[in-house]
Amino acid sequence: MKRNSQDLSLHHGLISDLFPALSPQEAWETYRLTDEQVQFFEENGYLHNVKILEESEVEQLRSELDEIKDPSHPKHELFYEFHSNESEDPNSVLFHSLGHWRITEGFHDILWNPRFIVPASQLLGTKTVRFWHDQLFCKPAKHGGVVAWHQDYSYWTRTGPMQHLTCWVGLDDASEENGCLQYIPGSHKWDLLEKISLAGDMDSLQDLLDDEQKEAYNRKVAIEMPKGYGSFHHPLMVHGSYENFSERARRAFVLNVFADGTKSNSDEEILDGVPPIAKGEKMEGQFFPVLFDPAQV
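Heads up: these notes are all about the structure in this document.

Thresholds, definitions, all that
- Residues numbered from 1 in each chain as written.
- Predicted model: local features only at pLDDT ≥ 70, side-chain atom pairs only at ≥ 80, totals over all residues.
- Heavy atoms only, no water.
- Salt bridge = Lys/Arg side-chain N within 4 Å of Asp/Glu carboxyl O.
- Helix = DSSP H or I, 4+ residues; strand = E, 2+ residues; numbered from the N terminus.
- Buried < 20%, exposed > 50% of the residue type's maximum accessible area, 1.4 Å probe, protein only.
- Polar contact = N/O pair within 3.5 Å; in protein donor to acceptor, adjacent residues only side chain to side chain.
- Contact = heavy atoms within 4.5 Å.
- Pairing = 2+ DSSP bridges.

1. So, the pattern of salt bridges
It is possible for side chains of opposite charge to pair when their charged atoms get near one another. Using the criterion set out here, one finds 11 salt bridges in the structure. A salt bridge links Arg102 to Asp7; the shortest N-O distance between them is 2.6 Å. Pair noted here: Arg102 is in the loop between β3 (95–98) and α4 (105–109) and Asp7 is in the segment before α1 (24–31), with a separation of 95 residues, a long-range link. Overall, the relative accessible area of 13% leaves Asp7 in the buried class. Lys142 serves as the salt-bridge partner of Glu247, at 3.9 Å between the closest nitrogen and oxygen. With a gap of 105 residues between them, Glu247 in the loop between β11 (239–241) and β12 (250–259) and Lys142 in the loop between β4 (129–139) and β5 (147–150) connect regions that are remote in the sequence. Given a relative accessible area of 66%, Glu247 falls into the exposed group. In the salt-bridge network here, residues are joined through shared partners; they are Glu59, Arg62, Asp172 and Arg251.

2. So, the side chain of Ser9
Here Ser9 is to be found in the segment before α1. In terms of polar contacts, Ser9 uses its side chain to reach the side chain of Gln286, at 2.7 Å. For Ser9, the contacting residues outside a window of four places in its chain are Trp101, Arg102, Gln286 and Phe287.

3. Brief notes about unusual backbone geometry
Here the bond from Gly160 into Pro161 is cis, since omega is 0°, no more than 30 degrees from zero. Its location among the elements puts Pro161 in the loop between β6 (159–160) and β7 (164–170).

4. Comments concerning the sheet that holds β11
Taking strand neighbours across the sheet as the criterion, the 4 strands line up as β5-β11-β8-β9 in an open arrangement whose pairing is antiparallel. Of all strands in the sheet, those bounded by a partner on one side alone are β5 and β9 (221–222). Of the strand pairs in this sheet, β5 and β11 are connected by 2 bridges, and their pairing is antiparallel. Paired with His150 across the two strands is His239, which belongs to β11.

5. Some remarks on the pairing of β12
In terms of burial, β12 is largely enclosed, as 10 of its 10 residues are buried. Neither face of β12 is exposed, since Arg250, Ala252, Val254, Asn256 and Phe258 on one face and Arg251, Phe253, Leu255, Val257 and Ala259 on the opposite face are all buried. In the sheet, β4 pairs with β12 via 10 bridges, with the strands oriented antiparallel. Across the sheet, the residue bridging to His133 is Asn256, located in β12. Relative to β12, β7 is paired through 7 bridges, and the arrangement is antiparallel. Its bridge partner being in β12, His164 is matched across the sheet by Phe258.

This is the structure we're talking about:
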């Protein structure tokens with residue numbers, strides 16, 4: 001059923017049949033990570049090649065992406081942010097937006113996809129998962145901009161304590177040639193939070209690193225994955241992506257979550273257009289719904 005006149009953030013749960021409606025117990029038993037996968041995440045700060053979408057689901061989200069990239073979309077005002085080109089270089093395009101979960105059924109329901117919420121709970125320490133915000137990143141063929149090395153939590157200090165998690169999912173096959181995600185394994189343990197700033201120069205990060213960290217930088221990992229697969233990473237993981245030099249696009253969405261009990265660290269707006277949550281108050285309500293509660297398993 002179409003709900004084009006409504007803000008879909010009013011609906012906390014699946015509203016379409018795109019993803020399976022499973023009980024918490026069924027979801028846990030079907031999609032839980034192995035102990036080895038959780039250990040790998042804890043040691044390295046990331047876990048990739050986790051299947052999130054079936055082929056038909058990828059196609060549905062691609063179609064919705066094509067619709068909402070048009071600034072004349074009737075629900076455009078529901079985006080928290082919308083940048084047709086966030087790159088400072090007009091010759092290097094990087095589409096970036098936040099808030100599309102409020103606009104289309106597929107991008108809304110992906111939040112409650114059991115392939116996502118069960119691993120998210122495990123990687124947060126088997127805690128109740130609340131939604132933080134979503135993102136879209138699109139690098140067109142032969143034209144995609146850089147996302148310089150950064151740590152996600154450096155943008156999220158308006159919430160705390162730090163118990164956050166990111167999941168990056170490709171809507172195209174991701175390779176080094178088309179600008180896939182890159183990680184520096186173990187960098188989530190480095191003391192860099194107040195030092196890194198997002199910039200266009202990928203190599204400037206090395207100026208902040210000691211000799212041991214520079215060696216780790218030289219062992220950075222390109223996260224090549226088929227479309228529909230995701231990569232989870234720690235909020236302090238140092239990551240970024242290079243230009244798209246290929247003949248094909250690199251489209252991806254990002255889901256950011258935190259553990260229940262996270263509080264506001266600011267009296268200002270947490271997201272553009274979202275009513276402020278007073279400093280010290282719990283992050284909850286319409287825009288920060290519970291996605292999975294392991295206590296129900």
